[in-house]
Amino acid sequence: MKILITAGPTRESIDPVRYLTNRSSGKMGYAFAAAAAKRGHSVLLISGPTSIEIPEGVDFIPIENAAEMYQAVASQISRHDIAIFAAAVADYTPSKIAEQKIKKAENEITLTLKQTKDILGSARDIMGFKGTLVGFAAETENLLENARAKCLKKRCDLIIANDISRSDIGFDSPENEVTLVYPDNSKTLPQESKEHLAFHLIEIIEDL
Ligand code: CTP
């Protein structure tokens, strides 16, 4: 099958030397790409900046910010059977990028942000994707309720939900414990390394 995977953080420029980003390492998305390629799938990885090597046999499109990731996904998704959105895309980006480096003058300055486009939320209605759609939900509270709401709203077949209030799993950690949230039921998997988890999850997604 042909699988598109988004991974990593995005970087939203403030001025020529500064940006807003988040703590995503890209490990989970890259582990998915490696596992899917090892299982014989054709894989396209669209990723923000990480320090991880591109897995062998995987096609790669590097992007920097949320708008670039949106464009890359929009132009590629229709060629795929499965899309897995593991990227930690910025929800907000600076309303204006300063052309010159912002100089230190005032004691306090205000940065105005505007919403980015929801890539996962656009996959069905705007991009017309008909294949199997898998999203992630990073939550600090009400994991099940929030993930179920995301699953229905973004018309996903599966949401892989992470409890990011726990420091032993998730962001930047080698291990993860996830809850699979389907439109009508859910299941928590045991904690394991992101590599093992990726293999296990790819098998589950193939069956969908
Ligand atoms: N996502 C996306 N494009 C965005 C924001 C998020 O594709 N601009 C995707 C992520 O890759 C992930 C899913 O949406 O698969 C959920 O991300 P999350 O940040 O948990 O949810 P949001 O929809 O942004 O909701 P909130 O931040 O309000 O919890």
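A brief structural summary. Computed from a predicted structure; not experimentally measured.

## Topic: the sheet that holds strand β10 (residues 158–163)
No. 1: A sheet is described by the order of its strands in space; here eight strands give the open sequence β5-β4-β1-β6-β9-β10-β12-β13, paired in mixed fashion. Looking at the sheet topology across the chains shown, the edges are occupied by β5 (59–62) and β13 (186–188). Each strand of the sheet is rotated relative to its neighbour by a mean of 15°, with strand direction disregarded.
No. 2: Where β10 meets strand β12 (residues 178–181), four bridges bridge the pair, whose relative direction is antiparallel. Within the sheet, the bridge partner assigned to Ile159 lies in β12 and is Val181.

## Regarding the site of the ligand
No. 1: The full set close to the ligand counts 16 residues, and Phe85, Ala87, Phe136, Lys150 and Lys154 are the nearest of them.
No. 2: Contacts to the ligand include Asp91, whose side-chain N or O atom sits 3.0 Å from an oxygen atom.
No. 3: Separating a nitrogen atom of the ligand from a side-chain N or O atom of Thr116 is a distance of 3.4 Å.
No. 4: For the ligand, the accessible surface in isolation is 570 Å², of which the surrounding protein chains cover 76%.
No. 5: Broken down by secondary-structure element, the contributors of at least two residues to the shell around the ligand are α3 (119–123) and β9 (132–139).
No. 6: Take the shell around the ligand: its biggest share by element is four residues, from β9.

## Brief notes about the nonpolar core
No. 1: Among the nonpolar cores identified, the biggest contains 31 residues, and Ile5, Phe32, Ile84, Ile160, Leu180 and Leu201 are the most heavily contacted of them.
No. 2: Sorting the residues of this core by element identifies β1 (2–7), α1 (27–38), β4 (42–47), β6 (82–85), β9, β10, β12 and α5 (194–207) as the ones contributing at least two each.
No. 3: Of all the elements, α1 adds the most residues to this core, at eight residues.
No. 4: Among all residues touching Phe32, those that are not within four sequence positions of it are Ile5, Ile84, Phe136, Ile160, Ala198, Leu201, Ile202 and Ile205.

## Structural notes on the packing of aromatic side chains
No. 1: In total, this model carries one aromatic pair according to the counting rule given.
No. 2: Each ring, one from Phe32 and one from Phe136, has its centre 5.9 Å from the other, and the planes form 80°; the classification is edge-to-face. On the criterion of sequence distance, the pair formed by Phe32 in helix α1 and Phe136 in strand β9 is long-range, its members being 104 residues apart.
No. 3: With relative accessibility at 0%, the residue Phe32 sits in the buried group.
No. 4: Its end group placed over the ring of Tyr70, Lys117 keeps NZ or CZ at 4.1 Å from the ring centre.

Definitions and limits used
- Every chain is numbered independently, its residues counted from 1 as its sequence is written.
- The predicted origin of the model limits local features to residues at a pLDDT of at least 70 and limits the giving and counting of side-chain atom pairs to 80 or more, whereas totals for whole chains, interfaces and linings rest on all residues.
- Note that the side-chain values use all heavy atoms of the structure and ignore hydrogens as well as water.
- Should DSSP find at least two bridges between two strands, the strands are regarded as paired.
- Only runs of H or I of at least four residues qualify as helices and only runs of E of at least two qualify as strands under DSSP, and these elements are numbered from the N terminus.
- The axes used here are C-alpha line fits, helices contributing only the stretch in contact, and every angle between their N-to-C directions lies in the interval 0 to 180 degrees.
- The nearness test applies per residue and asks whether one of its heavy atoms lies within 4 Å of the molecule or strand.
- In protein, a polar contact means a hydrogen-donor-capable atom and an acceptor-capable atom, both N or O and within 3.5 Å, with residues adjacent in sequence counting only if both atoms are side-chain atoms; elsewhere, any N or O pair within 3.5 Å suffices.
- Calculation of accessible area relied on Shrake-Rupley with a 1.4 Å probe; when residues are assessed, cover is drawn exclusively from the protein chains displayed.
- Residues enter a nonpolar core if they are buried and are Ala, Val, Leu, Ile, Met, Phe, Trp, Tyr or Cys, with the set joined through side-chain atoms within 4.5 Å.
- Buried residues are those whose accessible area, probed at 1.4 Å on protein chains only, stays under 20% of the maximum for their type, while exposed residues exceed 50% and partly exposed ones sit between those limits.
- For this analysis, residues touch if any pair of their heavy atoms sits within 4.5 Å.
- Put simply, two rings from Phe, Tyr or Trp (the six-membered ring, in Trp's case) pair if the centres are within 6.5 Å, and we call them stacked under 30 degrees between planes, edge-to-face over 60, tilted for the rest.
- In this scheme, Lys NZ or Arg CZ marks a charge over a ring once it lies within 6 Å of the ring centre and within 35 degrees of the ring normal.

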